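Residue strings, one per chain:
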Amino acid sequence: MKLSEFDYNLPKELIAQTPIEPRDHSRLLILDAQKEQIQEAKFFDIINQLWENDVLVLNKTKVINARIHFPLENWKIWEILLHKQLGEKTWDCLVYPGKKLKPWKEIKLTDTLTAKIKEISEKWRIIEFDKWGLEFLEILEKIWEIPLPPYIKEKLDNPDRYQTIWAEKEGSAAAPTASLHFTPELLQKLQDKWVKTEKVLLHVWLGTFMPVDTDDIENHHMHSEYIELEKNVADRLNQYKKQGKRIIAVWTTAIRVLETMTDENWVIHSWNKETEIFIYPGYKWKFVDAIITNFHLPKSTLLMLVSSFAWKEFTKKAYEYAVKNKFRFFSFWDAMFIRNKKEG
């Protein structure tokens, strides 16, 4: 399967730079994959698409202030962006410009934080900081910045707008953005309607923005991300599945957790691990029945995932509709609700 099959033309003006207020007033494209029908609504209308005892699966990750700019050598401005935690004090980082940051070089980033370069690979560095745990996170919170995706050029006035309302566990370099549409009021209305919610964890690392670098997508090596699913949550999800309830994953991160943790007998398990699951057309879905997602980058693994769930040609048709009708794309984007999956 060729990478070019997942390309589409997107005018730059449709890339959203600022979020909609209130959160749940973004537009919603409702896709019925079996009937190949497209319907427009507002995101708060999602309440009319969910049934009593549907199960929303949410990612409880929290975005950390993972970017810092600092002066070094003749006041040139350098940047470090945390990518992935490797140990208590060590992180895989993107550094720019990075040529002079050689192994074992120490950098005093602030009065309270020093970094040492441990290993080097092009722009990437393994960096050991002299702080860790809660103390390290407190320093990040005070001094570092929220790492908005590279296609967002405008500064975010309110950093909390790039956090979900249920964010709990710090560790992500990017938000599970389809979850950003939910407000506390909308979530309460869904729960009053007896829609159930369960939380899983996937820390979104920078690999999610890395381009696919092979023409044959089957040869692509998927990035890894850390996931957790607690035993009591897995037990409830298995019970819901046996009762025939719809499992609705909110954003691709929840999908990656659920499909990774499910065995060939459609039983979900409790683990903490890293996942490299790569879902593209031809994948046999195991646990997820419907998804809430957004509009993804051309030629991205996330677009391939959606194309697997909704059928590739129908996904292409939906994206053409969204472009023609000027939906907002990417992180502060409009949303999609895809039901009645048609794998392909």
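Calculation rules
- Residues numbered from 1 in each chain as written.
- Predicted model: local features only at pLDDT ≥ 70, side-chain atom pairs only at ≥ 80, totals over all residues.
- Heavy atoms only, no water.
- Helix = DSSP H or I, 4+ residues; strand = E, 2+ residues; numbered from the N terminus.
- Rg over C-alpha atoms; globule rule 2.2 N^0.38 Å.
- Buried < 20%, exposed > 50% of the residue type's maximum accessible area, 1.4 Å probe, protein only.
- Contact = heavy atoms within 4.5 Å.
- Lys, Arg positive; Asp, Glu negative; His and termini not counted.
- Charge placed at Lys NZ, Arg CZ, Asp CG, Glu CD.
- Pairing = 2+ DSSP bridges.
- Axes fitted to C-alpha atoms, helices over the stretch in contact; angles between N-to-C directions.
- Core = buried A, V, L, I, M, F, W, Y, C linked by side-chain atoms within 4.5 Å.
- Phe/Tyr/Trp six-rings, centres within 6.5 Å; stacked < 30°, edge-to-face > 60°.
- Left-handed = near helix turned anticlockwise from the far one by under 90°.
- Nonpolar A, V, L, I, M, F, W, Y, C, P; charged D, E, K, R; others polar.
- Arc of directions from axis to C-beta.

Asks: Account for the overall build of the protein chain, naming residues and giving values.
Replies: Counting secondary structure elements, the protein chain contains 6 helices and 17 strands. Here the C-alpha atoms of the protein chain give a radius of gyration of 20 Å, agreeing with the 20 Å that 2.2 N^0.38 yields for 344 residues. Projected onto its principal axes, the C-alpha positions of the protein chain cover 60 × 45 × 40 Å. The proportion of buried residues among the 344 residues of the protein chain is 56%. Sequence separation of at least 24 residues holds for 72% of the intrachain contacts in the protein chain that already meet a minimum separation of 6. Treating the 51 positive side-chain charges of the protein chain as one cloud and the 51 negative ones as another, the clouds have centres 2 Å apart.

Asks: Break down the sheet that holds strand β13 (residues 225–228) for me, citing the residues and quoting the values.
Replies: Judged by pairing direction, the sheet is mixed, and its 9 strands sit side by side in the order β2-β1-β17-β16-β14-β3-β12-β13-β15 without closing on themselves. Edge strands, defined here as strands with exactly one partner in the open sheet, are β2 (37–42) and β15 (272–275). Here the strands of the sheet are splayed against their neighbours by 25° on average, with no regard to which way each runs. Judged from the 6 bridges that link them, strand β1 (residues 27–32) and β2 form a sheet pairing that is antiparallel. Residue pairing in the sheet places Ile30 in a bridge with Gln39 of β2.

Asks: Hey, could you go over the nonpolar core for me, with residue numbers and the actual values?
Replies: Formed by 71 residues in total, the largest nonpolar core has its most connected members in Tyr162, Leu229, Leu237, Leu258, Phe329 and Ile338. Top contributing element to this core by residue count: helix α5 (residues 301–310), with 7 residues. In this structure, Ile338 is in contact with Leu31, Ala33, Ala290, Ile291, Thr293, Val306, Phe309 and Ala310, ignoring residues within four places of it in sequence. Within the second largest apolar cluster, 25 residues are counted, among which are Ala66, Ile68, Trp91 and Ile117.

Asks: Give a detailed account of unusual backbone geometry, specifying residues and quantitative values.
Replies: Following Glu21, the chain continues into Pro22 via a peptide bond in cis, with omega recorded as -10°. Residue position: Pro22 is located in the segment before β1. Its identity as a non-glycine residue notwithstanding, Trp266 has a phi of 65°, on the positive side. Along the polypeptide, Trp266 turns up in the loop between α4 (251–261) and β15. Positive phi is not limited to glycine here, since Trp311 has a value of about 80°.

Asks: How would you explain the packing of aromatic side chains if you had to name every residue and give the values?
Replies: Taken as a whole and assessed by the stated rule, the structure comprises 16 aromatic pairs. Pairing Tyr8 with Phe329 gives two aromatic rings, centres 6.1 Å apart and planes at 35°, and the pair type is tilted. Taken together, the residues span a long stretch of sequence, with Tyr8 in the segment before β1 and Phe329 in the loop between α6 (312–324) and β17 (335–339) at a distance of 321 residues. The residues Tyr8 and Phe329 share a single accessibility class, namely buried. Arranged with centres 6.0 Å apart and planes meeting at 40°, the rings of Trp91 and Phe136 form a pair that is tilted.

Asks: So what's going on with the side chain of His220? Which residues, and what values?
Replies: Here His220 is to be found in the loop between β12 (196–202) and β13. Once you skip the residues sitting within four places of it in the chain, His220 turns out to touch Pro211, Val212, Asp213, Thr214, Phe278 and Thr301.

Asks: For the environment of Leu201, give the residues involved together with the corresponding values.
Replies: Within the secondary structure layout, Leu201 lies in strand β12. Excluding residues that lie within four positions of it along the chain, Leu201 makes contacts with Asn59, Lys60, Thr61, Lys169, Tyr226, Ile227, Glu228 and Val257.

Asks: Describe in detail the environment of Leu58, supporting the description with residues and values.
Replies: By secondary structure assignment, the location of Leu58 is in strand β3 (residues 55–59). Distance in space between the C-alpha atoms of Leu58 and Thr253 is 8.7 Å, their sequence separation being 195 residues.

Asks: Requested: an account of the packing of α5 against α6, with residues and values cited.
Replies: Where α5 contacts α6, the two axes come as close as 7 Å, and the packing angle between them is 115°. Relative to α6, the crossing made by α5 is right-handed. Contact with α5, carried on its side by Leu303, Val306, Ser307 and Ala310, involves Lys312, Phe314, Thr315 and Tyr319 of α6 and no other residues of that element. Of the residues contributing to the contact of α5 with α6, the split by class is 5 nonpolar, 2 polar and 1 charged.

Asks: Provide a residue-level description of helix α1 (residues 133–143), including the pertinent values.
Replies: Along α1, the positions that sit buried rather than exposed are Phe136, Ile139 and Leu140. Around the axis of α1, the buried residues are gathered within 100° of arc, so they sit on the same side. Those residues of α1 that are exposed and angled more than 90 degrees off the buried face are Leu134, Glu141 and Lys142.

Don't take any of this as a statement about function, it's just geometry.
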